[in-house]
Amino acid sequence: MGYPIAPLIENVHFPPISEVRAWVAARRDNGLALIDLCQAVPDYAPAREMTAYLAGLLDDPQLSRYSSDEGLPEVRAAICDYYRRKYGASISPDNLCLTIGASQAFWLAIVTLCCAGDEVIVQAPYYFDHAMALDMLGLRGVYAPFDEASGGLPSAAAIERLVGARTRAVLVVTPSNPTGAITQPETLDELFELARRRNIALILDETYNEFIPDGRRPHNLFSRPGWGEHFIHLASFGKTFALTGYRAGMLAASEPFIRHALKAQDTMAVCQPRITQEAVKFGVEHLDDWVAANRGMMARRHDLFRSEFLKPGNPFQLAASGAFFAWVRHPFPGLTGRQAAKRLVDEAAILTLPGEVFGPGLEGYLRLAFGNIREETIPEAVRRFRELER
């Protein structure tokens, strides 16, 4: 390649999921069918009612056209109604920008908040795309360390000790990707008060908010007066409605913040595709019961995996888990997470992600995702972990 690559992006690691999927193509055939615990993608199809509804819209020429940058007013209004049911939210359509997945919502939030050299405090283990984006933008991630004793849950006191003159935001993913751990509302209240007191932003990535057991309310931050002055919410309807390829994300913040974010939105994507917007609208208006049924199914997968994994004699240790993920300490002290994950592919035909892509010093861990594993396959998967020789 003759032309130069920008140093910031040149130094960012390759997308981890693409990296480990290449191992599958290169692995030797040992007669075992691959068990994919790598990517957090629902393995079930979107609701039939939704796909039938969308099929009826395909002949409408409006479906192929731009919408306003922030999304169709009627779609944003329907989402506000949904957030009032789910969060008790005091929210209006002007607080919302529909995005190309939650990842683009994160980019919009960060480029609206930060300049090169600013700092964002990130709870580790973190979602690797977030750290990659910070590195590409010349921002400094300041990482709150993983505490295995607490299952990786954030501590407001520990995070406040990391706040400095260039801190612009605190970033927390809840339920966590990669651990599955759910940050309790009381801790989120403490983090909001920290953000308000230090005049910074609390960014919550709540991609998996519909997979909290029993569908309980994640927090009450949306009901606080002036919530948008210090709270930024990232969402993914792609996980909620099994629309990951539709790229159905959202940014929620104060009206002034959204107006500034739309400057970046217009130059990045213009708008979320209309068919995605129509899918989201149908979902939030009609699919509460369908979502609840899938939440229950994912909870059963997690509960079965946990009960099997914790039986005596397993050399792998469960450090934390939740409805979509498990965070596991591997039993190979001389191996990095990449080496351990590669060994699992080669010898047990199990695909996982190495711990070090989720933060420095995490080479002893692996992330397991339950999106692609059916209940009937879980005992076989755990048997392979148990029988892998050290």
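Since we're looking at a predicted model, the values are computed, not measured.

The rules behind these values
Residues numbered from 1 in each chain as written. Predicted model: local features only at pLDDT ≥ 70, side-chain atom pairs only at ≥ 80, totals over all residues. Heavy atoms only, no water. Buried < 20%, exposed > 50% of the residue type's maximum accessible area, 1.4 Å probe, protein only. Helix = DSSP H or I, 4+ residues; strand = E, 2+ residues; numbered from the N terminus. Pairing = 2+ DSSP bridges. Salt bridge = Lys/Arg side-chain N within 4 Å of Asp/Glu carboxyl O. Phe/Tyr/Trp six-rings, centres within 6.5 Å; stacked < 30°, edge-to-face > 60°. Contact = heavy atoms within 4.5 Å. Axes fitted to C-alpha atoms, helices over the stretch in contact; angles between N-to-C directions. Right-handed = clockwise from strand over helix to strand, strands pointing away.

Asks: Go over the pairing of strand β13 (residues 365–369), please, and point to the residues and values.
Replies: Burial of β13 is extensive: 5 of the 5 residues sit out of reach of the surface. Residues Tyr-365, Arg-367 and Ala-369 of β13 are buried on one face, and the alternating residues Leu-366 and Leu-368, pointing to the opposite face, are buried as well. In this structure, strand β10 (residues 325–329) lies alongside β13, joined through 5 bridges in antiparallel fashion. Bridge pairing in β13 links Arg-329 to Tyr-365.

Asks: A description of the pattern of salt bridges should follow, citing residues and the corresponding values.
Replies: Any two side chains of opposite charge can pair, so long as their charged atoms come close to each other. Enumeration over the complete set of coordinates arrives at 26 salt bridges. Between Arg-21 and Asp-36 there is a salt bridge, with the nearest N and O atoms lying 3.1 Å from each other. Of the two residues, Arg-21 is situated in helix α2 (residues 16–26) and Asp-36 in strand β1 (residues 35–36); the sequence distance between them amounts to 15 residues. According to the relative accessible area criterion, Arg-21 is partly exposed, its value standing at 32%. Salt-bridge contacts for Glu-285 lead to Lys-281; the nearest nitrogen and oxygen are separated by 3.2 Å. Here Glu-285 pairs with Lys-281, and both are found in helix α11 (residues 274–286), just 4 residues apart, close to one helical turn. One connected set of salt bridges, linked through shared partners, spans Asp-189, Glu-193, Arg-196 and Arg-224.

Asks: Could you give an account of the packing of aromatic side chains, with specific residues and numbers?
Replies: Tallied over the entire structure, the rule returns 27 aromatic pairs. Ring plane angle 85° and centroid distance 5.3 Å describe the contact between Phe-146 and Tyr-365, whose orientation is recorded as edge-to-face. On the criterion of sequence distance, the pair formed by Phe-146 in the loop between β4 (140–144) and α7 (156–160) and Tyr-365 in strand β13 is long-range, its members being 219 residues apart. Note on accessibility: Phe-146 and Tyr-365 belong to one class, buried. In textbook terms, an aromatic cluster arises when at least three aromatic residues are bridged by ring pairs, as seen for Tyr-82, Tyr-83, Tyr-87, Phe-222, Trp-227, Phe-231, Phe-237 and Phe-241.

Asks: Give a description of unusual backbone geometry that names residues and reports values.
Replies: In this model, Ala-124 is joined to Pro-125 through a cis peptide bond whose omega is 0°. Of note, the amide linkage connecting Thr-174 to Pro-175 takes the cis form, showing an omega dihedral of -10°. Tracing the backbone shows Pro-175 in the loop between β5 (167–173) and α8 (185–198). Phi at Asp-214 takes a positive value of approximately 70°, unusual for a residue other than glycine. In this fold, Asp-214 is placed in the loop between β6 (201–205) and β7 (231–236).

Asks: Tell me about the sheet that holds β13, and name the residues and values.
Replies: Read across the sheet, 4 strands follow the order β9-β10-β13-β12 without closing on themselves; strand pairing throughout is antiparallel. The open sheet has two free edges, formed respectively by β9 (317–321) and β12 (353–354), since each of these has just one partner strand. Here β12 runs beside β13; their pairing, made up of 2 bridges, is antiparallel. Across the sheet, Pro-354 pairs through a bridge with Leu-366, a residue of β13. Helix α12 (residues 288–309) rests against β9, β10 and β13 of the sheet, and its axis sits at about 155° to β9.

Asks: Talk me through helix α6 (residues 128–136); I want residue IDs and the actual numbers.
Replies: Those residues of α6 not exposed but buried are Phe-128, His-130, Ala-131, Met-132, Ala-133 and Leu-134. Positive phi shows up at Gly-138, right after α6, with a value of about 75°.

Asks: Any chance you could break down the pairing of strand β3 (residues 119–123) for me, citing the residues and the numbers?
Replies: Taking burial as the measure, the 5 residues of β3 include 5 buried ones, the bulk of the element. Burial along β3 is two-sided: the face carrying Glu-119, Ile-121 and Gln-123 and the face carrying Val-120 and Val-122 are both buried. This β-α-β element, β3 to α6 to β4, shows right-handed connectivity.

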